[in-house]
Amino acid sequence: MTHTAFTARRQRLLAKLGNGIAIVPTAPERVRNRDSHHPYRFDSYFWYLTGFPEPEAVAVLCGGAVPQTLLFCREKNEAREIWDGYRYGPEAACKAFAFDATYPISELEQRLPDLMADRSVLWHSVGHDTEWDTRIAASLNAVRAQSRNGKRAPREIHDLRALLDEMRLIKDGSEIDTMRRAAVISAAGHARAMRHCRPGMAEYELEAELIHEFRHRGANGHAYTPIVAGGHNACVLHYVENNRVLAEHALVLIDAGCEVDGYAADITRTFPVSGRFSTAQRDCYEVVLAAQSAAIATIHPGASFMAYHDAAVRVLAQGMIDLGLLTGSVDGAIESEAYKRFYMHRTGHWLGLDVHDAGEYKENTDGGEWVKLQTGMTLTVEPGLYIRAATDVPQHLHGIGIRIEDDVVVTDTGCDVYTDAPKTVAELEEVMRRD
Ligand code: GLY
Ligand code: MN
Ligand code: MN
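Our subject in this report is the structure included herewith. (Residues numbered from 1 in each chain as written. Chains lettered and ligands numbered in written order. Predicted model: local features only at pLDDT ≥ 70, side-chain atom pairs only at ≥ 80, totals over all residues. Heavy atoms only, no water.)

1. Description of the packing of helix H1 (residues 4–16) against helix H7 (residues 161–169)
Then step 1. Look at H1 against H7: their axes get within 11 Å of each other, and the N-to-C directions meet at 135 degrees. Relative to H7, H1 is oriented oblique. Read as a crossing pair, H1 and H7 show a hand that is right-handed. Each of Arg9, Arg12, Leu13 and Lys16 in H1 lies in contact with H7, whose residues at this interface are Leu163, Leu164, Glu166 and Met167. (Axes fitted to C-alpha atoms, helices over the stretch in contact; angles between N-to-C directions. Helix = DSSP H or I, 4+ residues; strand = E, 2+ residues; numbered from the N terminus. Parallel < 35°, antiparallel > 145°, perpendicular 65-115°, else oblique. Left-handed = near helix turned anticlockwise from the far one by under 90°. Contact = heavy atoms within 4.5 Å.)

Dropping the structure here:
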C-alpha cells in the first residue's frame, strides 16, 4: 500500500486547521470475554489519515506557519512481539508512514500540553469516547495551569468530524480502487453462495460459502454481520441468526460484503433456494429490480440525496398496487405512507470505511436541504419489499422478503454501479442451474 494518499489527506486537513491542533486516537482493543479479544479494527478516521494498523496510537496534526504531523505509537518490545507480533515502533513508523516526527505513546500525556499551548482551536471527536474526552480535558487543564507563565490554552474546542466527514464523503482515487476490490470479492462471495445453495441446507452453510470466498481472496472478513435469511426471515430487516433450514420453495436474502484495507462493500441479493422463481416470487422480484433501476437512473451530480429514494418508492408503490397489496393511487399510497408497511427503510446510505459511512445527509443550512450528490461520492442503492403474513395480504405473497443492493460511485455524468453479482431473474436462474 502506498502512503501518498494518507499524507495527502493529512495535508488537506492541515490546510483547514488554521493554527489549530487536531488529535486523532485510534480505536482501543476490546475484550470479547475474559482474556480473549475481538479481532482488532482501527478507528476509521485515524485510518483515513494514517494507514497505521496498530492499536495504542494517536495522530496529532498541528496547523499554522510550520505545520507538523506527529504520530504517537507503541515502542518496540521484543517480549511482546514474540507473543503478539511485529510492532513498528516510533522510528520505523516515522519513515514508513511519512510523519514529521513520532514518539512513544507513553509520552503523549507529557507532550500534549506543550503541543496545545497558544493554539486557538482544539479539534477532536468530542463525545465519541469519554476516556479520550477526559484525557484531553486533563491536557487542557495542564496548559491552563501554566497561564501565569504566559501559556494560553485553546479557547475553542471543535468536533473534528465536521472536517473529516466532509472529506470522507468524496472518495479519492485510491479509496475508489480499494472499494472496487472489496466489491469484486463480495460479488464473488454472493455468486458462490448462489452456486452452492440447495434446499435443506442451513442458512449458516451459505454464510460459510461467503466467508470462504472473502478470506480465500484476501479480504479481511465481513465488513458487517452478514444476513442470510431464508423465507419469511427476510422480513426481519436485521436478521442475523442465520441458523434456520432453507425450505425448497422459499427465497433466500443475503446481505453481505467484505472489508478490504478498511473499506466495505455492501451487497444484497435475493434468489430462490431451488434455483427457480415461482410466479409470485418473480412478480415481486421484478418490482424491486425495477425500483432499483429507476433509483440508479436518478443518480448524478447535482441530484438531491433524496431523489433516488423517491424514485424507488414510486416504483415500489405502483408495484404494491399491482400485486394487490395496496389499493388506490400511487400518489395516495405515497402521500399516506401506506407503502411503508412493505418498504420501511431508506434506499441507501454513504459507503466507505464504515458500511454506513461518515458524512451528513442534510446541508448545513436553515432550509435543511438534502445533500446534493457530487462526483466521487459512493452510496448504496437498496430497495426492498417485505411482505409479512396478515389476513388482509394475499396469501400467495405471505413471507416474501426481497432486497436488491448495489454500490455506486457518482461520476461526472451519472453513476457507475461497481458491484457486479448475478441480478436479473435470468442471470440468477442461470448461475443456479443444476444440470
Ligand atoms: N448491510 C447493511 C445495510 O445494507 O445497510
Ligand atoms: Mn446491506
Ligand atoms: Mn446497505
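2. Some remarks on the coordination of the manganese ion (ligand 2)
Then step 1. Protein coordination at the manganese ion (ligand 2): the donors are Asp255 (OD), Asp255 (OD), Asp266 (OD) and Glu405 (OE), at 2.0 to 2.4 Å from the metal.
Then step 2. Here the manganese ion (ligand 2) is ringed by six donor atoms whose angles at the metal span 57 to 167 degrees, and the overall shape comes out irregular.
Then step 3. Mapping the donors of the manganese ion (ligand 2) onto the primary sequence gives the spacing D-x10-D-x138-E.
Then step 4. Between the two metal centres, the manganese ion (ligand 2) and the manganese ion (ligand 3), the spacing is 3.3 Å, with aspartate 266 acting as a shared donor. Separated by 11 residues along the polypeptide, aspartate 255 in strand S11 (residues 251–256) and aspartate 266 in the loop between strand S13 (263–264) and strand S14 (267–272) bring together distant segments of the chain. (Donors = N, O, S within 2.8 Å, 3.2 Å for Na, K, Ca; no water. Tetrahedral: all angles 85-135°; square planar, octahedral: opposite > 155°, others 65-115°.)

3. A short note on the coordination of the manganese ion (ligand 3)
Then step 1. All of the protein donors around the manganese ion (ligand 3) are Asp266 (OD), His349 (NE2), Glu382 (OE) and Glu405 (OE); their distances to the metal are 2.0 to 2.2 Å.
Then step 2. Within one chain, the residues donating to the manganese ion (ligand 3) are spaced in sequence as D-x82-H-x32-E-x22-E.

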